[in-house]
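# Coordinate inspection notes
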Amino acid sequence: MTPTSSAELSSTTASGRRGRGRGVAAALSLLAMAPVGFFYAASGLLVPGPYLYLMWLAYAVLLGAAVWLARRRSYLVLTVPVVGALLWWAVISAGEAWLGWTG
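Here we take up the overall build of the protein. Secondary structure assignment for the protein yields 3 helices and 0 strands. From first element to last, N terminus to C terminus, the protein shows the α and β order α-α-α. Long-range contacts, defined as pairs at least 24 residues apart, comprise 66% of the intrachain contacts of the protein with a sequence gap of at least 6. Surface summary for the protein: the accessible area is close to 7,000 Å², and the carbon and sulfur share equals 71%.

Set out below in structure tokens:
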């Protein structure tokens, strides 16, 4: 089953490029989750136990969402590390401001 016309050939090539781009986006996103995960793991130095476990649970949910979006080949996977970093920063800032967490 080889393409017979140049239109079929160009659509096949374009489809391959789109799939490759989405795969690269998924790989970059999952790699970016590693440093975000480091901050979640190191939060135990600042965050009390019950809150820390909730943060770890939130990271696990974000990682699951990243894997799910990566398997769907969605470009939305690129937002997951950003959301994870912003969530970590918001929780740490709120804890310092309102709950008296000091590091």
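This part covers the packing of aromatic side chains. All chains considered together, the criterion is met by 5 aromatic pairs. Here phenylalanine 39 and tryptophan 88 contribute two aromatic rings whose centre-to-centre distance is 5.1 Å and whose plane-to-plane angle is 50°, an arrangement assigned as tilted. Taken together, the residues span a long stretch of sequence, with phenylalanine 39 in helix α1 (residues 6-42) and tryptophan 88 in helix α3 (residues 79-98) at a distance of 49 residues.

Tracing the chain through its elements places serine 43 in the loop between α1 and α2 (49-71). Apart from the residues within four sequence positions on either side, serine 43 is in contact with Leu52, Met55, Trp88 and Ile92.

The end-to-end C-alpha distance of α3 is 28 Å, a good match for the 28 Å that 20 residues give at a rise of 1.5 Å each. Among all positions of α3, only Val80, Pro81, Gly84, Ile92 and Gly95 are buried. Buried residues of α3, seen end-on, are gathered within an arc of 105° and therefore sit on one face of the element. Exposed residues pointing more than 90 degrees away from the buried face of α3 are listed as Leu86, Trp89, Ala97 and Trp98.

Note that glycine 95 resides in helix α3. Given a relative accessible area of 1%, glycine 95 falls into the buried group. Residue contacts for glycine 95: discarding those within four places in its chain leaves Gly100 and Trp101.

Time to look at α2. Side chains that are three or four residues apart share a direction in an α-helix, a result of its 3.6 residues per turn. Across its 23 residues, α2 extends 33 Å between first and last C-alpha, which sits within 8% of the 33 Å expected from 1.5 Å per residue. Looking only at α2, the buried set comprises Leu52, Met55, Tyr59, Leu62, Ala66, Leu69 and Ala70. One or two steps after α2, the chain reaches arginine 73, where phi turns positive at roughly 60°.

This part takes up the nonpolar core. Formed by 17 residues in total, the largest nonpolar core has its most connected members in Met33, Tyr40, Val47, Val77 and Val80. Secondary-structure elements contributing two or more residues to this core are α1, α2 and α3. Contact partners of tyrosine 40, with chain neighbours within four places excluded, come to Leu52, Met55, Trp56, Tyr59, Leu62, Gly84, Leu87 and Trp88.

Among the secondary structure elements, alanine 27 is positioned in helix α1. Along the primary structure alanine 27 and leucine 78 are separated by 51 residues, whereas in three dimensions their C-alpha atoms are 9.4 Å apart.

Scoring rules and cut-offs
- Residues numbered from 1 in each chain as written.
- Predicted model: local features only at pLDDT ≥ 70, side-chain atom pairs only at ≥ 80, totals over all residues.
- Heavy atoms only, no water.
- Helix = DSSP H or I, 4+ residues; strand = E, 2+ residues; numbered from the N terminus.
- Contact = heavy atoms within 4.5 Å.
- Areas by Shrake-Rupley, 256 points an atom, 1.4 Å probe, with all protein chains shown as cover.
- Phe/Tyr/Trp six-rings, centres within 6.5 Å; stacked < 30°, edge-to-face > 60°.
- Expected span 1.5 Å × (residues − 1).
- Buried < 20%, exposed > 50% of the residue type's maximum accessible area, 1.4 Å probe, protein only.
- Arc of directions from axis to C-beta.
- Core = buried A, V, L, I, M, F, W, Y, C linked by side-chain atoms within 4.5 Å.

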